[in-house]
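# Overview (structure and organization)
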Amino acid sequence: MATDLVEINQQEPQPEVLERAAAAVRKGKVVAIPTDALYTLVADPFNLRAVSGVFRAKGREPHRSLPLLVSDIMMAEELASQLNNRFFILARRFWPGPLTIIVPASAKVPLRVTGNTGRLALRQSPSRIVAGLLALLNQPLIATSANISGSPTCRSGIDVFGMMDGRVDLVLDGGACTGTGASTVDITEPYWKLIKAGAIEEKEIADCLQL
């Protein structure tokens with residue numbers, strides 16, 4: 001496939017560029033966008049062709065789940081089979097922000113998106129590009145780092161294009177992403193666990209959950 005590269009303003013995303021990206025997602029395509037953390041691949045989690053396209057683009061093992069971006073806590077509630085108090089405490093404290101929360105997935109989420117685990121990683125991003133796309137689509141988006149599995153995460157649109165050319169349909173180039181990657185916490189077990197260290201320290205999470 002030919003990969004298109006389109007410039008976008010991260011602070012004031014051009015409506016026509018957002019609409020182009022949304023149209024690509026509606027067609028089951030894979031799009032790379034800048035977020036508050038790093039460049040991310042987005043796609044429709046309910047379109048299995050799009051899900052397969054993300055796995056193929058990254059060369060990702062099928063047993064690994066694909067995180068989702070949501071617009072708010074209400075959208076998260078629709079995607080989870082159940083949410084405990086830990087979720088609401090963390091989401092109200094850290095969302096929108098660089099914290100991904102793993103919860104039990106509802107039956108409406110394709111099992112392949114969860115890596116056949118039945119668990120789902122959710123995050124609300126403060127990125128205006130992400131917010132604009134979610135508003136246009138009115139649904140969650142797959143959101144996994146824009147790189148080939150095992151390679152460094154890309155921090156600019158040109159880097160993404162260089163690595164993913166021919167693997168994704170569209171790259172929105174917003175220049176450099178300087179943020180730290182999101183932290184990931186699993187709250188599905190009796191004891192919560194930090195799965196991936198990132199912008200939010202484990203102590204911050206622990207302090208929050210002890211309130």
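These numbers come from a predicted model, not from an experiment. (Residues numbered from 1 in each chain as written. Predicted model: local features only at pLDDT ≥ 70, side-chain atom pairs only at ≥ 80, totals over all residues. Heavy atoms only, no water.)

## A few points about the overall build of the protein
Note the threshold: The helix and strand labels rest on DSSP assignments: H or I over at least four residues marks a helix, E over at least two residues marks a strand, and numbering proceeds from the N terminus. Within these notes, the globule rule equals 2.2 Å times the number of residues to the 0.38 power, and the radius of gyration is based on C-alpha atoms. Burial classification: accessible surface area is computed with a 1.4 Å probe over protein chains only, and a residue below 20% of its type maximum counts as buried, one above 50% as exposed, and the rest as partly exposed.
In terms of helices and strands, the protein carries seven helices and ten strands. For a compact globule of 211 residues, the expected C-alpha radius of gyration is about 17 Å, and the protein comes in at 16 Å, within 12% of that figure. Projecting the C-alpha coordinates of the protein onto the three principal axes gives extents of approximately 50 × 30 × 30 Å. Relative to its 211 residues, the protein shows a buried fraction of 52%.

## Quick look at the pattern of salt bridges
Rules: Any Lys or Arg side-chain nitrogen found within 4 Å of a carboxyl oxygen on Asp or Glu counts as a salt bridge.
Throughout the structure, instances matching the rule amount to six salt bridges. Its salt-bridge partner being R20, residue D4 comes within 3.0 Å of it at the nearest N-O pair. Note that D4 is positioned in strand β1 (residues 4–7) and R20 in helix α1 (residues 15–26), a separation of 16 residues in sequence. Its relative accessible area of 36% is what places D4 among the partly exposed residues. Here D207 makes a salt bridge to K203, at a shortest N to O gap of 2.7 Å. Note that D207 and K203 are positioned in helix α7 (residues 202–209) at a spacing of four residues, about one turn of the helix. What makes K203 exposed here is its relative accessible area of 58%.

## Points about the sheet that holds strand β9 (residues 183–186)
Spelled out, the test is: Strands qualify as paired when DSSP identifies two bridges or more between them. Contact between two residues is taken to exist if any of their heavy atoms lie within 4.5 Å; hydrogens are not considered. Throughout, an axis means a line fitted to C-alpha atoms (over the contacting stretch in the case of helices), and angles, computed between N-to-C directions, take values from 0 to 180 degrees.
Strand order in the open sheet made by the ten strands is β1-β8-β2-β3-β7-β4-β6-β5-β9-β10, with mixed pairing throughout. Strands at the two margins of the open sheet, each flanked by one partner only, are β1 and β10 (193–196). Relative to strand β3 (residues 39–43), strand β2 (residues 31–34) runs antiparallel, the two sharing four bridges. Bridge pairing in β3 places A32 opposite L41. This element, helix α5 (residues 128–137), spans β2, β3, β4 (68–69) and β7 (141–145) of the sheet and lies at about 135° to β2.

## Re the side chain of T40
To keep it simple, the criterion reads: Polar contact is defined as a pair of N or O atoms within 3.5 Å, subject to the rule that within protein one atom must be able to donate a hydrogen and the other to accept it, and that residues adjacent in sequence are counted only when both atoms are side-chain atoms.
Inspection of the secondary structure assignment puts T40 in strand β3. In terms of polar contacts, T40 uses its side chain to reach the backbone carbonyl oxygen of L38, at 3.4 Å. Apart from residues lying up to four places away in sequence, T40 is in contact with V31, A32, I33, T35, A143, T144, S145 and A146.

## Let's talk about the layout of surface pockets
Applicable threshold: In this analysis the probe radius is 1.4 Å and the grid spacing 1 Å, with only protein atoms considered; a cavity is a set of points the probe fits into but cannot get out of, a pocket is an open set with protein on both sides within 12 Å along at least five of seven lines, and lining residues have an atom within 4 Å of a point. Grid points are joined across faces, edges and corners, and a volume is the space filled by probe spheres set on the points.
Its volume calculated, the largest pocket comes out at about 820 Å³. Going through the elements one at a time, β3, β4, β5 (99–104), β6 (119–123), β7, β9 and β10 are the ones with two or more residues in the lining of the largest pocket. Considering every element that reaches the lining of the largest pocket, the biggest residue donor is β6, with four residues.

## Let's talk about the side chain of Q124
Residue position: Q124 is located in the loop between β6 and α5. There is a polar contact of 3.0 Å between the side chain of Q124 and the backbone oxygen of S71.

## Considering unusual backbone geometry
At the junction of W95 and P96, the peptide bond is cis and its omega measures out at -10° in the coordinates. By secondary structure assignment, the location of P96 is in the loop between α4 (85–94) and β5. Even without being a glycine, N116 presents a positive backbone phi close to 60°. Secondary-structure assignment places N116 in the loop between β5 and β6. One non-glycine residue, N138, adopts positive backbone phi at about 55°. Residue position: N138 is located in the loop between α5 and β7.

## Remarks on the packing of α4 against α7
Here is the rule we go by: Angle categories are assigned with fixed cut-offs, so that under 35 degrees is roughly parallel, over 145 is roughly antiparallel, 65 to 115 is roughly perpendicular, and the rest are oblique. Crossing handedness follows the turn of the near helix against the far one: under a right angle anticlockwise gives a left-handed crossing, and clockwise gives a right-handed one. Under the scheme applied, nonpolar residues are Ala, Val, Leu, Ile, Met, Phe, Trp, Tyr, Cys and Pro; charged residues are Asp, Glu, Lys and Arg; polar residues are all the others, including Gly.
Running from N to C, α4 and α7 cross one another at 120°; their axes reach a closest spacing of 10 Å. As summarised for this structure, α4 and α7 are arranged oblique, according to the angle between their axes. Along this stretch, α4 crosses α7, giving a crossing that reads as right-handed. Mapping the contact onto sequence places R86, I89, L90, R93 and F94 in α4 and E204, I205, C208 and L209 in α7. Of the residues that constitute the contact of α4 with α7, the class distribution is six nonpolar, no polar and three charged.

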